[in-house]
Each structure stands twice: as C-alpha cells, then as structure tokens.
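Chain by chain, the residues:
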Amino acid sequence: MNKQKILASAVVAVLASSAHLPEAAAATLVKPATSSSVANAAPAGSSRFIVKYRTGAVERSNTTAANQGIVQAATRAGLQRALPATAASAAQPAATAALMRRMGAPGWSVVRASRALNAVQAEAFMRELRANPAVERVEVDSWMVPTISGRANALVPNDPDYAQYQWNLLSTTSGVHAPEAWARSQGEGVVVAVIDTGIAEGNPDLQANLLPGYDMISEKLVSRRDSDGRVPGGWDQGDWIEENYCTQLGLRGHPAKDSGWHGTHVAGTIAQQTNNGQGLAGLAHKSKVVPIRVLGSCGGLTSDIADGIVWAAGGQIPDMPMNANPAEVINMSLGSETPQACPAFYQDAINFAVSKGAIIVAASGNSGGDADTYTMGSCSNIILVAATGNTAKPAGFSNRGSRVALSAPGGSELGKGTVSSFKHGYIWQMINGGKTRPEAGNWLAEGYSGTSMAAPHVAAAAAMVQSVAAAPLTLVQMRNLLARTAMPITITGTVPPPGSVLPPGPPEGINAVGMGAGILNIDAALVELANPGCSLDLTSCEKPCDPVNEDCGPVLTPIALTNKVELKGQGGEGGSEALYSFDAEAGKVLSFMTYGGWGDLSMYVSHGKAPTVAVSDARSIRSGTPIETVRFTAPKAGKYFIRLVAPASLSYAGVTVVARQ
C-alpha cells in the first residue's frame, strides 16, 4: 500500500524512502530567514525558533536574561496584538514567546511562541531576535514530515531463507557482497545509532540487538504518548495521522496515513538478527542499535534531530541522562524535500559527533535532484549515500551530486527486474503490522525503496569495518576506504520488461554522474583494510605482492629493539632493506635514530604494520647520509616497525640503530 505524501508547509522534511513517487529525503531544514530571499523566509505556521547566543553572552546560561530579550523581541514584532479575521484566515489571539529549552549543540536554544505565527509575524519576530547583540543566529525549527511512498504488499515469510528477498545483500552484481564479508566481520562490538521514527518494541528478529535509546519528541500530539516531554526507550509508538490531524499544529491539510515503521525497517538492514531461524538478515547483525526517536505523527522538529545527534555521540543534553552507549556510527535516513542549506545548528551538532569519533552516514534524498543543494547533502562531515536498484544502475528517484561519496542498494521504481526477481527489487525487512499503534505479535516482511534504505547499508558497513580495524577509522578514513573499494556503476539504462506493472518514468541508469565512487562492496573494503600497503588516510593502497605469480623479494623478519639499547654494526648492500620492531608505551615521546658508520639510507616507520617506501606513518630521508631520526611526540601503545632502505647505488655499514622512550 502506498503511503500518501504530506506537504506540511513551505518548508518540510521527510524520510528518505521512495519508489513509485519521487520521494523527499529525510528531514527538511531551513536557512536563516532573511528579507532578501524567499527560500530563506519563515514558513507560515512557525511556532518554534532556534536561537544561538554569542559566546560570553549572559543569555547563554541565564534563563531570566534570555526571556527578557525574547519578550522584548516579541513586543517589537507586534505579537502582543490580536489579529482580526480575514477572508483567508480566522482571528488570532495575541501571542507570547519564551525560552523553551537549551539544546545540546553549544549556545543553541529553542524559543517557542504561544501559537503558530503567520509568515509576516515569524519574519518580524526573527528579525527582532537578531537585533539583540547577544544573538548570533536565528533559524526556524522546521517540521519534518515522514513520507513512505515506495512500499510492497506485505507478506509473512514461512522460512528464514533470505535468498528470495535480499538481493541487496547477496547479489554479486548489484548487492554489497555480504556473504563473503561475513567471513571477515559481522559488526561485533560496535554501536550504531538510528535517528529516525524509533523502533517498534518486541520485534523477534531485532530486539536482541537493541540497546536503550530515547524518544526525543516533546510534543504529545506528535509522539502519541499520553504526556509531553522526552522519555527513555526510543520506541516507535506509530506515526499515523487522521485526515487533517496536523492542522492543529499549524500545518496544512492532508489525507489520513497509516504508520510506516520506517525506523524499524532501517534498523533491520543494519542489525536484523541473522541465522536465528526466522525473518530476514541484517548486514552488521552482531552490532547493537541505539534507537533515537525524532519523528512521529506529523513528522518532527529539526531541533530534536540536532539534539539526537549530540546525544547519540555521548554529548550532554540539558535535563537528560547521558547515553550510556555512545554510537560509533550514526545513521540519518533524513533530508529535505526541497533545496535547503544545512542549518548552522545541524552542522554544530554533526561536528560535535564527529569530534567524538562518530561516523555519520546520511541519505542523499529522493527528489531526483542535485544532492549538494539539499539537506543532508549540504552538510559537511558526513558520508552521503545515493541509491541504486537491483539492476546495479542508479535509482531514478535518487538525488545525485558532487558530495555523494558512494551508492548502495535502495531499490527503485524501475529497477525491479522481472516480476519473479527478488520480489520486485524492494529492500525487505521485518516491521510491525499495526496500522496505528504497534500490535504485539504482528510482524511481517515489508519491502521499501529509497535512499533511506541505501544509507543503512553503508552505516552497517562502517560498523563492520570498525569492528575489526586495529584502531577506529576517522570519518575521512572511512569515507575514503568505502569509496575506493566501491563497484563501478553501469552507465547504460534499461527499460522495464514487457507486461510489467510499473509506473511511467525515465529508464534507470541514464548515467552514473553524481552517484559517488560506485556501489558499496563491503567485502572489498574489509580486504583492503587488511592491506599493509595502504596510506594512513586510506586514499591509496599498494597492491599486495602475490608470491605465487610475482617476485616479492626476501621476506623480512623484524629485529626487536630494546629501549635505549644501541644495536651497532648494522649495514646493507645497495638496494637492500632491513626491518626492526619496538614495543612502545602510549604518551611518552618516542624516537628512532640511526647514526655513525658511512653510506646512505632512509628510515620509514609505522605503528602496527610494516611500513613501505610508499606508505608509512613517518619517515626520515636525508640524502647522502646514514643519520636519520623519526620522533613521535604522542605515540600509541603497541608495536612500531622501522624499515631501513639503502638506495640502489650506495650501501651502508657500521651504523647504530636505537629506539629511545
């Protein structure tokens, strides 16, 4: 059953799931309102605003001072005046405004008006807030509206065989090569946060892989809980809406819509339990998921999403407990329905999470547009993911752009192959069958499509990499690794087979421009991770020598160095190499030196693996001398390897080698 799209206001945000209709990405966001740009204008129906106070301003920590400035801005904007009825709108009472709460991103606060303001009032209020010298920035707290338009007919599988459904995991041409990768990693020990609609509680094929999360929605009309306020759990209570239900929140009229269980589906792709005799498979099925609910009935607010990012990474949110399980990977199947710049408070929250070591993966969106101009694509410090179908071609709905890092299976409206092929090309996971609230025992397999479905494949891949990496990869390293090992995307398009019951539209895969480096190949990424010839930032890797078919030269056995004990009389012929090792402590300055003797050599040093001439953590290559020094001011604990290389034309002899710490 197709879910109907809701257009909530001039600025809305939606889940990045789509198939039959061009679907909007996830979470719409607004630029700061200005009088010079319609795109930056506050939408009608705005009642919440996000204010950043300058560093050192008393309003940043003093609620009384903040409220004084807010009240003055509301007065100057004329909010205290009631509005008479017009032909287009009902009469409106006088409005007040006050500080609602502080956010996790430093300096940001949520300001709430007592009623929805029309566009003119909202612009005036924001302008007066900005006039306060203590205020650095003001933005609208936009509504996010979930949309699931690509949905297959539900079915209950009678066996655990995923081969009939999950082309995205097992296909060697359009899937992510999961079976081969599972022999190397299954994501064990890694925590992934899913910032979404929450997860339906009690899923027998997912529950064992869940950790305590949080419901960040503070409006009971949106959360469908009995009272306002945030609560522990992160459980999806349903996001259904009756006809025109959301108008009471200042949003436009709309048809009714059943609950979609979007977050449950996304989390299943990451960590659905596998080899347990039921349901379907998850990619990183030994990882754990922290559900963070930010979207409910009528959608959600961008301030809640930003706080969700901070909380997921282990940051402090006022009046909330800390996350006991900070996420190493954060999935955001969210974005904007229309082009919108990344809000400053979003970027602050993202930067905080990345500073804590989190890898943020986001969907590019489903409007078939330029991903660089949409949120999340306009944000920095993320891995942006586009969608492909089961024909290994770009999905027609997927946003594309220069900031897309890579693509992953997301299904599509035209990439379904024959009617018997992998259940029409959808991405399948177990969700709840309730039309409104979750129903105990009612679990079924559901097929969705969209960049919302593509992003969790990459989030799961990041978890699998971090699970076996000698040291956690940074965001840049992870993005480089996954992009370098991606599979090329086919350029030529295809058309649906004759007789297929599919919607009209252009063929898939017209070109692969803007789809990133290719389709995720997690097995290739894990193989490359183990390659000792990779550079520190993983932008390049030497091909490992194949001793069966190539002359790999002599195998070097490292000579162990003892702290401050000189190893004298070292030498080698022109072109020769020697390898040494040293067990270091963390934090104490570490130096490797060669001196004395005669000739020429160069020194290459790496932590945890043997360096090469092309790839090393540090090097010393003075020309025409055997005197070399490499120093680490903040070394890691563990084994360092030191490679000495003589130039082809000159040997060295009588050299002393020493490690000092």
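Before reading further, recall that the structure is shown in the block above.
Fair warning: this is a prediction, and the values are worked out from it, not measured in the lab. (Residues numbered from 1 in each chain as written. Predicted model: local features only at pLDDT ≥ 70, side-chain atom pairs only at ≥ 80, totals over all residues. Heavy atoms only, no water.)

Student: So what's going on with the overall build of the protein chain? Residues and values would help.
Tutor: Helix and strand counts for the protein chain stand at 11 helices and 28 strands. Out of the 661 residues belonging to the protein chain, those deemed buried represent 58%. Taking the contacts inside the protein chain whose residues are at least 6 apart along the sequence as the reference set, 74% of them involve residues at least 24 apart. Taken as a whole, the protein chain presents about 24500 Å² of accessible surface, with 55% of it coming from carbon and sulfur. (Helix = DSSP H or I, 4+ residues; strand = E, 2+ residues; numbered from the N terminus. Buried < 20%, exposed > 50% of the residue type's maximum accessible area, 1.4 Å probe, protein only. Contact = heavy atoms within 4.5 Å. Areas by Shrake-Rupley, 256 points an atom, 1.4 Å probe, with all protein chains shown as cover.)

Student: A description of the packing of helix α9 (residues 451-468) against helix α10 (residues 475-484) should follow, citing residues and the corresponding values.
Tutor: The N-to-C vectors of α9 and α10 enclose an angle of 110 degrees; their axes lie 11 Å apart at closest approach. By the angle between their axes, α9 is roughly perpendicular relative to α10. Facing Val458, Ala461, Ala462, Val465 and Gln466 of α9, the residues of α10 in contact are Met478, Leu481 and Leu482. (Axes fitted to C-alpha atoms, helices over the stretch in contact; angles between N-to-C directions. Parallel < 35°, antiparallel > 145°, perpendicular 65-115°, else oblique.)

Student: Mind laying out the nonpolar core, listing which residues take part and the relevant values?
Tutor: Ranked by internal contacts, the top residues of the largest apolar core, which has 69 residues, are Leu283, Ile383, Val458, Leu482 and Ile522. Top contributing element to this core by residue count: α9, with 11 residues. In contact with Val458, not counting residues within four places along its chain, are Val361, Ile383, Val385, Leu406, Ala408, Leu482 and Leu520. (Core = buried A, V, L, I, M, F, W, Y, C linked by side-chain atoms within 4.5 Å.)

Student: Quick rundown of the environment of Leu301? Include the residues and the values.
Tutor: Relative to the helices and strands, Leu301 resides in strand β11 (residues 300-301). Leu301 sits in the buried class, given a relative accessible area of 3%. Separated by 159 residues in sequence, Leu301 and Ser142 place their C-alpha atoms 5.5 Å apart.

Student: I'd like a description of helix α1 (residues 63-76), backed by residues and values.
Tutor: Along an α-helix, a turn takes 3.6 residues, which lines up residues three or four apart on a common side. Relative to the 20 Å expected for 14 residues at 1.5 Å per residue, α1 spans 20 Å between its end C-alpha atoms, a close match to the ideal helical length. Turning to α1, its buried residues are Ala65, Ala66, Gly69, Ile70, Ala73 and Ala74. Where α1 is buried, its residues meet β2 (46-53), β3 (97-102), β4 (108-117) and α2 (119-130). The backbone nitrogen of Thr64 lies 3.0 Å from a side-chain oxygen of the residue at the head of α1, namely Asn62. (Expected span 1.5 Å × (residues − 1). Polar contact = N/O pair within 3.5 Å; in protein donor to acceptor, adjacent residues only side chain to side chain.)

Student: I'd like a rundown of unusual backbone geometry, residues and numbers included.
Tutor: Its identity as a non-glycine residue notwithstanding, Asn275 has a phi of 60 degrees, on the positive side. Note on placement: Asn275 falls in the loop between α6 (262-271) and β10 (288-293). The residue Asn381 is not glycine, and still its phi comes out positive at about 65 degrees. Mapped onto the elements of the fold, Asn381 is located in the loop between β14 (359-363) and β15 (383-388).

Student: Residue-level account of the sheet that holds β10, with values.
Tutor: Sheets are built from strands paired through backbone hydrogen bonds, the pairs being either parallel or antiparallel. Strand order in the open sheet formed by 8 strands is β9-β8-β10-β7-β12-β14-β15-β16, and the pairing between neighbours is mixed. If you trace the sheet from one side to the other, it starts and ends with β9 (231-233) and β16 (404-409), each paired once. For this sheet, the mean inter-axis angle between neighbouring strands, taken without regard to orientation, is 25 degrees. Note: β14 against β15, 3 bridges, orientation parallel. Along β15, the bridge assignment pairs Val361 with Ile383. (Pairing = 2+ DSSP bridges.)

Student: Tell me what's going on with the sheet that holds β4, and back it up with residues and numbers.
Tutor: Pairing within the open sheet is antiparallel, and its 4 strands lie in the order β3-β4-β2-β5. Edge positions in the sheet fall to β3 and β5 (135-140), since each has one partner strand and no second. Here the strands of the sheet are splayed against their neighbours by 30 degrees on average, with no regard to which way each runs. Strand direction decides the pairing type here: β2 and β5, joined by 5 bridges, are antiparallel. By the bridge assignment for β5, Phe49 is matched with Val140. Packing of α2 onto the sheet brings it into contact with β2, β3, β4 and β5, and relative to β5 it is tilted by some 165 degrees.

Student: Provide a residue-level description of the state of the cysteines, including the pertinent values.
Tutor: Going through the model one piece at a time under the given rule, you end up with 2 disulfides. Here Cys246 connects covalently by a disulfide to Cys298, the sulfurs 2.1 Å from one another. Taking the sign of the S-S torsion, -95 degrees for the link of Cys246 and Cys298, the bridge is left-handed. Taken together, the residues Cys246 in the loop between β9 and α6 and Cys298 in the loop between β10 and β11 connect sequence positions 52 residues apart. (Disulfide = S-S within 2.5 Å.)

Student: How would you summarise the pattern of salt bridges if you had to cite specific residues and measurements?
Tutor: If you walk through the whole model with that rule in mind, you get 23 salt bridges. Note that Arg112 is salt-bridged to Glu219, the shortest N-O span being 2.8 Å. Residue Arg112 is located in strand β4, and its partner Glu219 is located in the loop between β8 (213-215) and α5 (220-223); the two are separated by 107 residues in the primary sequence. Relative accessible area serves as the criterion here: at 34%, Arg112 is assigned to the partly exposed category. We note a salt bridge from Glu585 to Lys588, for which the minimum N-O separation is 3.9 Å. (Salt bridge = Lys/Arg side-chain N within 4 Å of Asp/Glu carboxyl O.)

Student: Which residues make up the packing of aromatic side chains, and what values go with them?
Tutor: Tallied over the full model, the rule gives 9 aromatic pairs. Ring geometry for Tyr165 versus Trp428: centroids 5.6 Å apart, planes at 55 degrees, classification tilted. Of this pair, Tyr165 sits in the loop between β6 (143-144) and α3 (167-170) while Trp428 sits in strand β17 (residues 427-432), placing them 263 residues apart in sequence. You'll find Tyr165 and Trp428 in the same group, each marked buried. (Phe/Tyr/Trp six-rings, centres within 6.5 Å; stacked < 30°, edge-to-face > 60°.)

Student: Got a sec to walk through the packing of helix α7 (residues 302-312) against helix α8 (residues 344-355)? Specific residues and values, please.
Tutor: In contact at an axis separation of 8 Å, α7 and α8 are set at 10 degrees when each is read in the N-to-C sense. Classified by the angle between their axes, α7 and α8 sit roughly parallel to one another. Along the contact surface, α7 presents Thr302, Ser303, Ile305, Ala306, Ile309 and Val310, while α8 presents Phe345, Tyr346, Ala349, Ile350, Phe352 and Ala353. In terms of residue class, the contact of α7 with α8 is built from 10 nonpolar, 2 polar and no charged. (Nonpolar A, V, L, I, M, F, W, Y, C, P; charged D, E, K, R; others polar.)

Student: So what's going on with the side chain of Arg643? Which residues, and what values?
Tutor: Inspection of the secondary structure puts Arg643 in strand β27 (residues 638-645). Only 2.6 Å separates the side chain of Arg643 from the backbone oxygen of Pro611, close enough to count as a polar contact. Beyond its immediate chain neighbours, meaning those up to four positions away, Arg643 contacts Leu556, Glu577, Ala578, Leu579, Ser602, Met603, Tyr604, Ala610, Pro611 and Thr612.

Student: So what's going on with the environment of Ala95? Which residues, and what values?
Tutor: Mapped onto the elements, Ala95 comes out in the loop between α1 and β3. With relative accessibility at 5%, the residue Ala95 sits in the buried group. Put simply, Ala95 and Ala116 are 21 residues apart on the chain and 8.7 Å apart in space, counted from C-alpha to C-alpha. Those residues within four positions of Ala95 in sequence are excluded, and the remaining contacts are Leu79, Gln80, Ser114, Arg115 and Leu117.

Everything listed here is a matter of geometry and, on its own, says nothing about what the molecule does.
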